[in-house]
Structure formats: structure tokens, C-alpha cells
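In case you want the letters, here they are:
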Amino acid sequence: MTAISGGRPVGRRATRLAQEVVDALAAPLTRPVRSVLVLLAYLLGVAALVAAIGVTQATTGRIVNRLIDAASTELKVVDSDGAERTWAVERSTGDRLGALEGVALAVPVRAFTAVSNTVTRLRSTGAAGRAAQEASFQGHLMVTDSRFLTAHGLTAVSGRLDLLDNSWDGQVVVVGAAAAESLGVSEAAPGVVVWLNGRPVDVVGVLAATGDPGLDDSLYFSAPVLVELSDQLEAYWFVRSVDGYAEPLARTIPLVLAPQNPGQIGVSTVAQLAELQQGIAGDLGSLLGVIGGVILVLSALTAGTTMFLSVQHRAAEIALRRAMGSSRLAIWRLFTYEGVAMGLSGGILGTGLGIVLTWALTRASGWPLCLGTGLVVAGVSVGLLAGAVASIVPAVHAARRDPAGVLRAV
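Sequence positions are assigned chain by chain, starting from 1 and proceeding in written order. It should be noted that, the model being predicted, local features are given only for residues of pLDDT at least 70 and side-chain atom pairs only at 80 or more, the latter also being counted only at that level, while totals for whole chains, interfaces and linings use all residues. Hydrogen atoms and water are omitted, and side-chain values are computed over all heavy atoms in the structure.

A. Representation of the overall build of the protein chain in the model. A tally of helices and strands in the protein chain yields 14 helices and 13 strands. Residues classed as buried in the protein chain amount to 43% of the 410 residues present. In this analysis, two residues are considered to be in contact whenever any of their non-hydrogen atoms come within 4.5 Å of each other. Contacts in the protein chain between residues at least 24 apart in sequence constitute 81% of all its contacts with a sequence separation of at least 6. Carbon and sulfur atoms make up 61% of the accessible area of the protein chain, which totals about 20800 Å². Comment: elements are numbered from the N terminus, with helices defined as DSSP H or I runs of at least four residues and strands as E runs of at least two. Three labels apply to residues, based on accessible area from a 1.4 Å probe with only protein chains included: buried if under 20% of the type maximum, exposed if over 50%, partly exposed otherwise in between. Residue-level accessible areas treat just the shown protein chains as cover; the underlying method is Shrake-Rupley with a 1.4 Å probe.

What follows is the structure, encoded as C-alpha cells:
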């Protein structure tokens, strides 16, 4: 016995819906060229979007790996509660850091502002002194030792870097390449000095240019010069780690230096990898996502236009179905099913093509391949959604066609 719902047999309704689905799936086979064009539009759009996501993940991994190799071995350690430390204490703390596993070098550094410290080539006295002060050096002033310079690959074109660590407490300075040009220092020799706040400081080295403004436009003073400097900007330890130890050391160092209050020790790596990876992924994802999205929208518009033209060419079929008792809703469902089927097929094929393209690109470039099931689900879902949206206008237009007017036109 057939169940009745709303005055209509339920079994008969299910049969009609099943027949509509079969007709929708078979319709593209009767127009293969047009169907291939629609399918190709979805395929290219979804493939572009999937490839964009895949390439974003791959390039992010590659960039982060390069930064790990190139710059993640450097750390900057700052004690927020160490304003009154002596240089001897900082050297001793540096030795403690240097003894940790994974630490290759730990050097104390202090930086001062050139605004509060006058550095000139000539002595600042009288009218000539006032003029010299107006032309005072405006670069970076740092107190450290020769290990900091060698750790950054700095070399001397004149003089010796090791004199920065002299044992006689001499007030000496090593001059960066740009700083030497600014001060008019051509070489390090006996009697060559720069004047710091009215006191002479012997020049024991002139550095070769590196192309890094932060290094080249700096004066590197020995520890005894601290008594002549004022207005300190910061004090920290420059730490160079063994490859792969930067992140573990960033967590360990605060516990070693201040076990009772680790929060007072700030450790920053040259590349904060977790935040950096998120930032790179976000930026690249936004850029490539917009590109892929635009391509997908254009593909959906192309598919929708093709389906709309298909409705015009299938006017006789629509009129015949209406004459045989099909409702407007049935006509709407027929074209909606067809659009969804084409979008789903394009999503599946496009996702496969996008994954293949991503794999080929990463393999050729040596990048890490970062694909997951989420990408597959997203690609198929986007194709399905694009097909449904693209079929809205053609389906509504087909449902609203007047069968009598269509038959008269035919």
C-alpha cells in the first residue's frame, strides 16, 4: 500500500525526484562540448584555488626553513632588573650563558644614544668646539668586546680588533666603515683619536664595510669607556647558539638567570619562528587566496553564462516538459541538480589537478609538501558551492519560461 502525504503518494514523489536527478545527470551527455566547457571552467577555478593554498603552505615552510638555517642562531637576552650591574658582572653572566649546552658565544653589549654623547674628530673647545659639536657623530655607540665583532663577520682594514679587550684598561674604540668616513678617520695608528664628551679615545681599529648600516655606522668602545658615556639605551647579551638550539635556549635562559622570577628575563630570537610562520602564511595566503578566489569567481560566472545560454537552446525541451505536467519547481530542480553535478565534478577534478600542480611545483623547487585532507574537502566543497550558485539564475529563468510562448516561437 502506498503512503499518502499532502494528498500525493510518497512513493510516486520519490520516483519523480529520482527521475529528475537521472535526467539532470544525463543532460550534459547530450551536449558534450558545452558540458566540457562548463566542467573546464569549474576545474580551472578550483585547481587555481587549491594550488594557491598548497603553494602558500609550501612556500611558508620553505621560508621558515631558510630563516632557521640563516638567522635563528642569534638571541638577544635582556634583564629588566639589571640596571645597576657592573661590566664585570655582565661578563660573568655571559660566561654562565656560554657554559650552557647549545651556546657557542655569549657577549655583553651596551648601547648609548649619540644625542646625549658628543663624538667628534677634533677636540670640542671654544668656537671651533661648538662647530664640532654641531657636526657630532650621529650613529650608534656600543660597548662590547672583539667577540661581538668577529661573530658578525667584521674585519679590520686597519689596526687590530683584539685591542678592544686590552688588559691595561685602556679607553679605545673600533670604528665602523661608515662611521670612519663620517668622522674622517682613515686608519688606526698611534695618536689617532676621537673625542668623546671632551675626552680622547684611541682608535685601535677601522672596520671593512659590510653593507649593513647598523654595523657600519657604529663605534665599538672598550669597557673602560663606560665611565665617559651617559644616557644608556639598553644592555643585553648577544648569544650565538648552535643550529637548532635557539628556541630551546629561549625557554631555558630565563630559568637559568632568574629562577625565582623568569619573567624579568626577555629572550628574543632573530627569527621568532612560530609568529613568523603565522605572519608569512597569513600574508601569502591572503595574496594567493585572492588570486585563486578571483579565478574561481570568473570560472563560476563563465559556467553560469554557459548554462544560461543552454537554457535558451533547450527552450523546446522545457516547454515539452511543462506540457507533460512538470511544474515550475520541477524545472528549477532539474537545472539546479545539473549545475550542482557539474560543480561537484569540477570540484573533484580541480582538486586533483591542484594537488598534482602543487606536488610538481614543490618537487621541482625542493619545497616541503604540506597537504592534508582539509584541502581536499575544501576544494570539493568550493566546487559544489560554486556550481549551486552559478545555477541559480539559469534555473530560475528556465522555471519562469512560458511553455505556450516557447512553443509558438518554435
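B. Seen up close, the side chain of aspartate 216. Topologically, aspartate 216 is positioned in helix H7 (residues 213-216). Although buried, aspartate 216 forms no salt bridge, and the nearest oppositely charged side chain, arginine 240, lies 14 Å from it. Separated by 2.9 Å, the side chains of aspartate 216 and threonine 210 make a polar contact. Contacts described as polar in this section are N or O atom pairs within 3.5 Å, which, within protein, must combine one atom able to donate a hydrogen with one able to accept it, while residues neighboring in sequence count only if both atoms come from side chains. Separated by 2.9 Å, the side chain of aspartate 216 and the backbone nitrogen of glycine 211 make a polar contact. Those residues in contact with aspartate 216 that lie beyond four places of it in its chain are Gly176, Ala177, Ala178, Ala179, Ala208, Ala209, Thr210 and Gly211. For the purpose of counting charges, residues Lys and Arg are taken to be positive, whereas Asp and Glu are taken to be negative. His and the chain ends are not included. Note on definitions: salt bridges are taken to be side-chain nitrogens of Lys or Arg within 4 Å of carboxyl oxygens of Asp or Glu.

C. Just unusual backbone geometry, in detail. At aspartate 169, a position not held by glycine, the phi torsion is positive, near 60°. For aspartate 169, the location among the structural elements is in the loop between strand E7 (156-159) and strand E8 (172-175). Despite not being glycine, asparagine 197 has its phi angle at roughly 50°, a positive value. For asparagine 197, the position within the fold is in the loop between strand E9 (193-196) and strand E10 (199-207). Judged by its relative accessible area of 31%, asparagine 197 falls in the partly exposed class.

D. The environment of valine 36, seen in detail. Tracing the sequence through the fold places valine 36 in helix H2 (residues 32-71). The class for valine 36 is exposed, based on a relative accessible area of 52%. Between the C-alpha atom of valine 36 and that of glycine 346, which follows or precedes it by 310 residues, the distance is 9.9 Å.

E. View of the pattern of salt bridges. Overall, the coordinates contain eight salt bridges when judged by the stated rule. Between glutamate 228 and arginine 199 there is a salt bridge, with its nearest N and O atoms 3.5 Å apart. Of this pair, glutamate 228 sits in the loop between strand E11 (218-221) and strand E12 (232-241) while arginine 199 sits in strand E10, and the two are 29 residues apart along the sequence. Residue glutamate 228 is classed as buried on the basis of its relative accessible area, which comes to 16%. A single network of salt bridges, built from pairs that share partners, joins Asp79, Arg85, Glu90 and Arg110.

F. Representation of the packing of helix H12 (residues 373-390) against helix H13 (residues 392-399) in the model. To get an axis, a line is fitted to the C-alpha atoms, and for a helix only the part in contact is used. The angle between two axes follows their N-to-C directions and goes from 0 to 180 degrees. Where H12 contacts H13, the axes come no closer than 4 Å and their chain directions differ by 35°. Facing H12, whose interface residues are Ala388, Val389 and Ala390, H13 presents Ile392, Val393 and Pro394. Note on residue categories: nonpolar means Ala, Val, Leu, Ile, Met, Phe, Trp, Tyr, Cys or Pro, charged means Asp, Glu, Lys or Arg, and polar means any other residue, Gly included. A breakdown of the residues in the contact of H12 with H13 according to their chemical character gives six nonpolar, no polar and no charged.

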